[in-house]
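# Coordinates in review
So the chains spell out like this:
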Amino acid sequence: MDVASQDRPRRSFSASSVGASSNAKKERVWVAVRIRPLLELEQLARERAAWKAVGSNSLQHMDPDKPAAQCTCHQYNRVFTDCSTSAQVYAEAAGGLVAASMRGYNSTIFAYGQTGSGKTYTMQAIMAAAAQDMFQVISQEPGREYIIRMAAVEIYNEVVRDLLRDNSPGLKLLDDPVKGTVAEGLSEAGVQSEQHLQQLLAEVEARRQVSNHSQPQQVQSGVTAQL
């Protein structure tokens, strides 16, 4: 997330929550896990959850052949249960980054997981809440000029596509000595309001490739939206 203010230099920062805890202020990477609840079809098939939150920081693998005390646990900055709401996830794991970006930090929020794990569901909610918070900050600072631009790319089966354009051809990745890796010919759109940003995000989602969840091994994909 990169929001330019007229009188602020850019600074680097990468953590999922700024100010959410004292540890978040010290670490550049903050990792949270959200457990997806079982789908209706999974419940009808009497499937069992494979993971369980233990407290707010531990994720336990539930092995039916082992007692709970012998199941493997993994530690993270935050573990959200399958009952957690998207609003809770945003408040604890992403909202601080949005606020940091508006203060002049380069910030990144991304979701990683297997096909069908709920990445799109969570990120759509985060982007909607982020748009609201960004323009709330702007409205509270009428004396400062903000310039917001948006770019969106999809990497689908190793092909890079511009999601702000219909029928985008594959883009070439180039090494820029200043910016690093860039997509040649990637378009940008100026964002005028919260509603305009929501409209752009909806257009990006409509152009995105949707993989067949029953054959996840055949598809490698990811979507990046940069503000």
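Placed above this text is the structure.
All values reported here derive from a predicted model rather than from experimental measurement.

Let us now look at the packing of aromatic side chains. Using the criterion set out here, one finds 0 aromatic pairs in the structure. Its end group placed over the ring of F80, R78 keeps NZ or CZ at 4.4 Å from the ring centre.

In terms of residue burial, strand β10 (residues 149–156) counts as a mostly covered element, since 6 of its 8 residues are buried. Inspection of the sheet shows β10 paired to strand β14 (residues 189–190) by 2 bridges, in the antiparallel sense. Looking at β14, one finds that R149 is bridged to G190. Bridge analysis of β10 against strand β11 (residues 159–162) gives 4 bridges, and the strand direction is antiparallel.

Moving on, we come to the pattern of salt bridges. Considering all chains together, one arrives at 7 salt bridges under this definition. Put simply, E154 and R161 hold a salt bridge, and the shortest N to O gap is 2.5 Å. Given a relative accessible area of 1%, E154 falls into the buried group.

In this section: the sheet that holds strand β4 (residues 51–54). Ordered in space as β4-β5-β6, the 3 strands form an open sheet in which the pairing is antiparallel. What marks the edges here is a single partner per strand, and that holds for β4 and β6 (73–75). Direction aside, neighbouring strands of the sheet carry axes that sit 30° apart on average. Relative to strand β5 (residues 58–61), β4 runs antiparallel, the two sharing 4 bridges. Bridge assignment links V54 to a residue of β5, and that residue is S58.

Cut-offs used in this document
- Residues numbered from 1 in each chain as written.
- Predicted model: local features only at pLDDT ≥ 70, side-chain atom pairs only at ≥ 80, totals over all residues.
- Heavy atoms only, no water.
- Phe/Tyr/Trp six-rings, centres within 6.5 Å; stacked < 30°, edge-to-face > 60°.
- Lys NZ or Arg CZ within 6 Å of the ring centre and 35° of its normal.
- Buried < 20%, exposed > 50% of the residue type's maximum accessible area, 1.4 Å probe, protein only.
- Helix = DSSP H or I, 4+ residues; strand = E, 2+ residues; numbered from the N terminus.
- Pairing = 2+ DSSP bridges.
- Salt bridge = Lys/Arg side-chain N within 4 Å of Asp/Glu carboxyl O.
- Axes fitted to C-alpha atoms, helices over the stretch in contact; angles between N-to-C directions.

On their own, these measurements won't tell you what the molecule is for.
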